[in-house]
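Here is how the chains run, residue by residue.
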Amino acid sequence: QESEVIHGRWAMLGVAGCLGAELLGQGDWYSAPLPLLEGGHSQYMGAEVPFDLGTLLAIEFAAMAGVESLRGGADAEKRIYPGGAF
């Protein structure tokens, strides 16, 4: 159950990010990483991202490891619903 809740939340965030960028006219989600794969720089909401693909992956890995280590220390109920009544 815990994995399903966490994966569902990540899926909802991913859809919101994809639709938000497309609805604001900042490009589509499918071609967004292509400049990174070709050795260039990507753009996010019209601003150039100054990192290459390896740096972006390292930042994402470090951020996710930090968040998961904080979440992993709580009991099962708090890991699934960290907001309490909200």
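Residues numbered from 1 in each chain as written. Predicted model: local features only at pLDDT ≥ 70, side-chain atom pairs only at ≥ 80, totals over all residues. Heavy atoms only, no water.

1. Details of the overall build of the protein chain
- Looking only at helices and strands, the protein chain has four helices and two strands in total.
- Its helices and strands in sequence order give the protein chain the pattern α-α-β-β-α-α, from N to C terminus.
- When burial is assessed residue by residue, the protein chain has 9% of its 86 residues classed as buried.
- Partitioning the intrachain contacts of the protein chain with sequence separation of at least 6 by distance along the chain shows that 32% fall at a separation of at least 24.
- Total accessible area computed for the protein chain in this model is approximately 6800 Å², and 66% of it derives from carbon and sulfur atoms. (Helix = DSSP H or I, 4+ residues; strand = E, 2+ residues; numbered from the N terminus. Buried < 20%, exposed > 50% of the residue type's maximum accessible area, 1.4 Å probe, protein only. Contact = heavy atoms within 4.5 Å. Areas by Shrake-Rupley, 256 points an atom, 1.4 Å probe, with all protein chains shown as cover.)

2. Details of helix 1 (residues 2-23)
- With 22 residues, helix 1 ought to run about 32 Å at 1.5 Å a step, and its terminal C-alpha atoms sit 32 Å apart, in line with that.
- Among all positions of helix 1, only Val 5, Ile 6 and Ala 21 are buried. The buried residues of helix 1 occupy an angular sector of 130 degrees when projected down its axis, which confines them to one face. Exposed residues on helix 1 whose side chains face more than 90 degrees from its buried face are Glu 4, His 7, Met 12 and Leu 23.
- Among the residues trailing helix 1, Gly 25 stands out with phi positive, at a value near 75 degrees. (Expected span 1.5 Å × (residues − 1). Arc of directions from axis to C-beta.)

3. Remarks on a nonpolar patch on the surface
- Nonpolar side chains collect at one region of the surface, where Leu 34, Leu 37, Leu 53 and Leu 57 lie side by side and expose about 370 Å² of accessible area between them.
- Those elements that provide at least two residues to the nonpolar patch are helix 2 (34-37) and helix 3 (53-72).
- Tracing the chain through its elements places Leu 37 in helix 2.
- The exposed category is assigned to Leu 37, whose relative accessible area is 60%. (Patch = residues over 30% accessible without salt bridge, like charges linked within 9 Å, V, L, I, M, F, W, Y side chains within 5 Å. Salt bridge = Lys/Arg side-chain N within 4 Å of Asp/Glu carboxyl O.)

4. Overview of the confidence of the model for the protein chain
- Per-chain confidence: the protein chain averages 77 in pLDDT, with 83% of residues scoring 70 or above.
- The secondary-structure element of the protein chain with the lowest mean pLDDT is helix 4 (residues 76-80), recorded at 68, while helix 1 shows the highest, at 83. (pLDDT = per-residue confidence, 0-100.)

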